[in-house]
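Residue-level structural notes
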Amino acid sequence: MNSQTAGGPKHIVGIIGWSGSGKTSLLSDLIPKLIQRGFSVSTMKHTHHDFDMDKPGKDSYRHREAGAREVLLTSKKRWALLHELREDPEYEMDALIAKMAPVDILLIEGFKSHRYPKIEVNRPSLGKKLLCRTDDSVVALATDEAVQDISIPILDINDVDGIADFVVAYLRQEGER
């Protein structure tokens, strides 16, 4: 889980799974648990859908529509940099990670096919195949039912403290290598 980017996150942990499996809920519950354990945490979310954080009619939206390559929104509580790709290809994950501020842990939701340590979220009742059976970068399975013939740790999806403990132990183990 050690990052390959200088200045970015020290560790990367992915949360992957099929749509509707509970990735976002787990991630939202896991963040404060890791912060309580003394880690700084950032997140990255991949979507296959077009998205827009801006609102038609707002000044920043008009700037982008007029052709601005980037628009920086800022206030006393937060800032956001909107970068328009237009016809450029989607950035590679490592290039995006390199743009992020240094933190202890970067939690990534999505980017299933990329090679980084991941926790798979799977609910057998949804009938979706297990990704960990074909992806050796999955280091644990978080689920709500018993699963057979899995050689990686199986975590109770409803025990977020236990999942946070697993992440911390895994980070320590990786740090010793």
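The structure contained in this document is the topic of the report that follows. Everything quoted here is computed from the prediction, not taken from an experiment.

Quick look at the overall build of the protein chain now. When its secondary structure is counted, the protein chain shows 4 helices and 8 strands. Going residue by residue from the N terminus, the α and β elements of the protein chain occur as β-α-β-α-β-β-α-β-β-β-β-α. Counting only C-alpha atoms and orienting by the principal axes, one finds that the protein chain spans roughly 55 × 35 × 25 Å. Within the protein chain, the proportion of its 177 residues that are buried is 41%. In the protein chain, the proportion of contacts linking residues at least 24 apart, taken out of those at least 6 apart, comes to 51%. With 24 positive and 27 negative side-chain charges, the protein chain shows a spacing of 4 Å between the two charge centroids.

Attention now moves to the nonpolar core. One finds Leu30, Leu34, Ile105, Leu107 and Ile119 to be the most contacted residues of the largest nonpolar core, which totals 25 residues. For this core, the secondary structure elements donating two or more residues are strand S1 (11–16), helix H1 (23–36), strand S5 (105–109), strand S6 (118–122), strand S7 (138–143) and helix H4 (160–176). If you look at the next biggest cluster of nonpolar residues, it comprises 17 residues, including Ile16, Leu106, Val147 and Ile152.

A few words on the pairing of strand S4 (residues 79–83). Across 5 bridges, strand S3 (residues 70–74) lies against S4 in antiparallel orientation. Each bridged residue has a counterpart across the sheet, and for Val71 the counterpart in S4 is Leu82.

Quick look at the side chain of Ser21 now. With respect to the helices, strands and loops of the structure, Ser21 is situated in the loop between S1 and H1. Accessibility expressed as a relative area gives 3% for Ser21, which makes it buried. Among all residues touching Ser21, those that are not within four sequence positions of it are Val121, Arg123, Leu126 and Ile157.

Turning our eyes to something else, we now look at the pattern of salt bridges. Applying the stated rule across the entire model yields 11 salt bridges. With a closest N to O distance of 3.5 Å, Asp161 and Lys33 form a salt bridge. With Asp161 in helix H4 and Lys33 in helix H1, the pair connects residues that are 128 residues apart, well separated along the chain. Residue Asp161 is classed as partly exposed on the basis of its relative accessible area of 35%. Measuring nitrogen to oxygen at the nearest pair gives 3.4 Å for the salt bridge that ties Arg37 to Asp161. Here the residue Arg37 occupies a position in the loop between H1 and strand S2 (41–45), and Asp161 occupies one in helix H4, the gap between them amounting to 124 residues. Taking relative accessible area as the criterion, Arg37 reaches 29% and is therefore assigned partly exposed. When salt bridges that share partners are traced, they join Lys33, Arg37, Asp161 and Asp165 into one network.

This model, assessed by the stated rule, comprises 1 cavity of 30 Å³ or more. Roughly 30 Å³ of internal volume is contained in the largest cavity. Along its surface, the largest cavity is lined by Trp18, Ser19, Ser21, Val121, Asn122, Arg123, Leu126 and Lys128. Considering only residue class, the lining of the largest cavity consists of 3 nonpolar, 3 polar and 2 charged.

The rules we used
Residues numbered from 1 in each chain as written. Predicted model: local features only at pLDDT ≥ 70, side-chain atom pairs only at ≥ 80, totals over all residues. Heavy atoms only, no water. Helix = DSSP H or I, 4+ residues; strand = E, 2+ residues; numbered from the N terminus. Buried < 20%, exposed > 50% of the residue type's maximum accessible area, 1.4 Å probe, protein only. Contact = heavy atoms within 4.5 Å. Lys, Arg positive; Asp, Glu negative; His and termini not counted. Charge placed at Lys NZ, Arg CZ, Asp CG, Glu CD. Core = buried A, V, L, I, M, F, W, Y, C linked by side-chain atoms within 4.5 Å. Pairing = 2+ DSSP bridges. Salt bridge = Lys/Arg side-chain N within 4 Å of Asp/Glu carboxyl O. 1 Å grid on protein atoms, 1.4 Å probe; cavity = no way out; pocket = protein on both sides within 12 Å on 5 of 7 lines; lining within 4 Å. Points joined across faces, edges and corners; volume = space filled by probe spheres on them. Nonpolar A, V, L, I, M, F, W, Y, C, P; charged D, E, K, R; others polar.

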